[in-house]
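Below are the chains, spelled out letter by letter.
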Amino acid sequence: MSAPGRTVAEHVAAVLTRVAPLPAGDVALGDLAVGEPGLALGGDVHAVAAVPPFDAAAMDGYAVRLADLPADGSPVTLPVVGDSRPGSPAPERCGYDGSAGAVRIMTGAPVPPWADAVVPVERTSTGRFVAGGPTTEREVTLARQPRAHVRARAEDVAPGDLLARAGDAVTPAVVAVAASGGLVSLPVRRRPRVAVLSTGSELVAPGSTAAAGHGRIPDSNSLLLAALVRAAGADVVRTGAVPDDAHALRTALDHAVSGRTAPSDVEDRAVRPLTTSAGVDLVVTTGGVSAGASDVVRAVLAAPDPRLSDVEVAAVALRPGHPQALARWRGVPWVALPGNPVSAFVSFALFVRPALDVLSGRHPHARTVRRRAASAWSSPPGRVHVVPVRTLASGDVERTTGSAAHASSALLTADALAVVPADVEKVEVGDEVDVLLLDGAAAGGRT
């Protein structure tokens, strides 16, 4: 059950063994266009139609046959033998008998099968077209141009072309290109559904008058985790604070894994294009994993219970976030994080965020970059030290103030986490450090 001295990488691996990509289902493009972000493709996507589906004009002008225009660019006058507009079939003949001629054509309209170039109207004797006006010119003077101004059939996408791979995000561009490529739906994995709760008899709902009493504090951790889950592209079922009572925690976990909240708690549900069961895919808790007399999560994990399995309590070589625990409750993976706000935040970034990527079927984000330190700080020997930092205009990072595990204000200006190896005891100004970018942070830096 116990795993003392575990490295960060070992704990990440232990978390990921408990999760797998969620099933994929076909979702109509219309639903995806108005649905929530954060979805990933559950399979490769191939085009079934050509883009463009026909040779089309890239400019307003005249469709011509290049063989009818002198190669030296000399102007020639041709009869106007027809009109081609978007939404109408390409004119086959339009009075054209094989002799030289030109068809008045608008951008996006089909090019006649006998034509192989479009001369822009502003480079002809007509000069410009009048919007909505009929074809009145009987002839036009024009010359060969350097470009054909024709969008050839399938020059963008050919039938069978790979448009996107399994694990790619369902972006607006993917939806639009899929529609152009003849698809009506995409294979999509549903968003993970995550139950979040915090433990501690000292916790009360934010704004509660009880918070004014000695020894009581607002429950901010469940709000923090719920917001982090949503930012990571998952849906949330948030349960409020659970007291330091084993029976209360077991009851709350039963409610959580079924996707229900306790009667007085808040539930956040997102409208999804995919049909899902009422249950959740992951449970995340904060608090109660240390060795204190009130650490209720530790007590529940230590007691025999048929609902409990796959228990691991670990002392991870990490600061903040040393005590960690993993289990399954009624078969649902359960990640138990420390209760200090910065510890919970760091633990989420290192352990929960990768699990959500796996559940979503997304490609893991390359969110770690190298940055120079603009301030100095000491690090505890033998532990990976994770420090909230902010990126300066120069691209360097500086430690935020109040970075103690209990100081949630340290997170206000942080856009990244500096990850200092266990064998480094001092970060000096100018040293390069690994920096884990937080969701929504710009890699280019900000002030």
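Residues numbered from 1 in each chain as written. Predicted model: local features only at pLDDT ≥ 70, side-chain atom pairs only at ≥ 80, totals over all residues. Heavy atoms only, no water.

**Brief notes about the confidence of the model for the chain**
Put simply, the chain has an average pLDDT of 88, and 88% of its residues get 70 or more. Note that residues 441-447 has pLDDT below 50 and, in this model, 14 contacts with residues that lie over four places away or in other chains. (pLDDT = per-residue confidence, 0-100. Contact = heavy atoms within 4.5 Å.)

**Comments concerning the packing of aromatic side chains**
What describes a pair of aromatic rings is the distance from one ring centre to the other and the angle between the planes of the rings. Applying the stated criterion across every chain, the model contains two aromatic pairs. On the basis of an interplanar angle of 90° and a centroid distance of 6.3 Å, the ring pair of tryptophan 329 and tryptophan 334 is categorised as edge-to-face. Using a relative accessible area of 0% as the deciding quantity, one classes tryptophan 329 as buried. (Phe/Tyr/Trp six-rings, centres within 6.5 Å; stacked < 30°, edge-to-face > 60°. Buried < 20%, exposed > 50% of the residue type's maximum accessible area, 1.4 Å probe, protein only.)

**Topic: the packing of helix α4 (residues 221-231) against helix α7 (residues 341-360)**
Each packed pair of helices is defined by two parameters, the angle between the axes and the distance between the axes. Running from amino to carboxyl end, α4 crosses α7 at an angle of 30°, the nearest separation of the two axes being 11 Å. When the axes of α4 and α7 are compared, the pair comes out roughly parallel. The interaxial crossing formed by α4 with α7 has right-handed handedness. Contacts between α4 and α7 involve Asn221, Leu224, Leu225, Leu228 and Val229 on the former and, on the latter, Pro341, Ala344, Phe345, Phe348 and Leu356. (Axes fitted to C-alpha atoms, helices over the stretch in contact; angles between N-to-C directions. Helix = DSSP H or I, 4+ residues; strand = E, 2+ residues; numbered from the N terminus. Parallel < 35°, antiparallel > 145°, perpendicular 65-115°, else oblique. Left-handed = near helix turned anticlockwise from the far one by under 90°.)

**Side note on a negative patch on the surface**
On the surface, a cluster of negative charge is made up of Asp55, Glu155, Asp156 and Asp161. With respect to the helices, strands and loops of the structure, glutamate 155 is situated in the loop between β11 (150-151) and β12 (162-164). (Patch = residues over 30% accessible without salt bridge, like charges linked within 9 Å, V, L, I, M, F, W, Y side chains within 5 Å. Areas by Shrake-Rupley, 256 points an atom, 1.4 Å probe, with all protein chains shown as cover. Salt bridge = Lys/Arg side-chain N within 4 Å of Asp/Glu carboxyl O. Lys, Arg positive; Asp, Glu negative; His and termini not counted. Charge placed at Lys NZ, Arg CZ, Asp CG, Glu CD.)

**Considerations on α4**
Of the residues making up α4, those classed as buried are Asn221, Ser222, Leu225, Ala226, Leu228 and Val229. Burial along α4 is one-sided: seen end-on, the buried residues are contained in an arc of 165°. Close packing links the buried residues of α4 with β14 (193-198), β17 (235-238), β18 (282-286), β22 (332-337) and α7. Where α4 ends, the next residue or the one after it, glycine 233, has phi of about 90°, a positive value. (Arc of directions from axis to C-beta.)

**Considerations on the sheet that holds strand β8 (residues 102-105)**
Ordered in space as β9-β6-β8-β7-β10, the five strands form an open sheet in which the pairing is mixed. The sheet terminates laterally at β9 (117-120) and β10 (139-142), the two strands that pair on one side only. This sheet shows a mean twist of 45° between the axes of neighbouring strands, independent of strand direction. Where strand β7 (residues 76-84) and β10 come together, four bridges link them in antiparallel fashion. Pairing of leucine 78 across the sheet is with valine 140, part of β10. (Pairing = 2+ DSSP bridges.)

**Examining the side chain of aspartate 305**
With respect to the helices and strands, the residue aspartate 305 is situated in the loop between α6 (296-302) and β19 (308-316). Of the residues examined, aspartate 305 reaches a relative accessible area of 14% and is grouped as buried. A polar contact of 3.5 Å, which involves the side chain of aspartate 305, links it to the side chain of arginine 250. With near-sequence residues (within four places) excluded, aspartate 305 lies in contact with Arg250 and Trp329. (Polar contact = N/O pair within 3.5 Å; in protein donor to acceptor, adjacent residues only side chain to side chain.)

**Points about the environment of arginine 85**
Structurally, the position occupied by arginine 85 is in the loop between β7 and β8. Each C-alpha atom of the pair arginine 85 and valine 111 lies 9.5 Å from the other, and the pair is 26 residues apart in sequence. What arginine 85 contacts, discounting residues up to four positions off in sequence, is Arg104, Met106, Ala109, Pro110, Gly133 and Pro134. At a separation of 3.0 Å, a polar atom in the side chain of arginine 85 contacts the side chain of aspartate 83.

**Some words on α7**
At phenylalanine 348, α7 is bent by approximately 45°, the largest bend along its length. For α7, the buried fraction is high: 19 of the 20 residues fall into the buried class. (Bend = angle between axes of the 7 residues up to and from the residue.)

**Things to note about the pattern of salt bridges**
Throughout the structure, instances matching the rule amount to 20 salt bridges. In this structure, the salt-bridge partner of aspartate 254 is arginine 330, at a minimum N-O distance of 2.8 Å. Taken together, the residues aspartate 254 in helix α5 (residues 246-257) and arginine 330 in the loop between β21 (323-329) and β22 connect sequence positions 76 residues apart. Aspartate 310 is paired through a salt bridge with arginine 328; the nearest N and O atoms lie 3.3 Å apart. Taken together, the residues aspartate 310 in strand β19 and arginine 328 in strand β21 connect sequence positions 18 residues apart. By sharing partners, the salt bridges in this structure join Arg6, Arg18, Asp310, Glu312 and Arg328 into a single network.

**Digging into the environment of aspartate 72**
Within the secondary structure, aspartate 72 is located in the loop between β6 (61-64) and β7. Along the backbone, aspartate 72 and arginine 144 are 72 residues apart, and their C-alpha atoms lie at a distance of 7.9 Å.

**Some points on the pairing of β21**
Most of β21 is tucked away: six of the seven residues are buried. In terms of strand pairing, β19 meets β21 through six bridges, oriented antiparallel. When the bridges of β21 are listed, valine 313 appears paired with alanine 325. Bridge count between β21 and β22: five bridges; the pairing is antiparallel. Pairing of alanine 327 across the sheet is with tryptophan 334, part of β22.

**A short note on the sheet that holds strand β3 (residues 40-41)**
Pairing is antiparallel in the open sheet, where three strands are placed in the order β2-β13-β3. At either end of the open sheet lies a strand with only one pairing partner, and these are β2 (24-28) and β3. Inspection of the sheet shows β3 paired to strand β13 (residues 185-189) by two bridges, in the antiparallel sense. Following the sheet pairing, leucine 41 is matched in β13 by valine 188.

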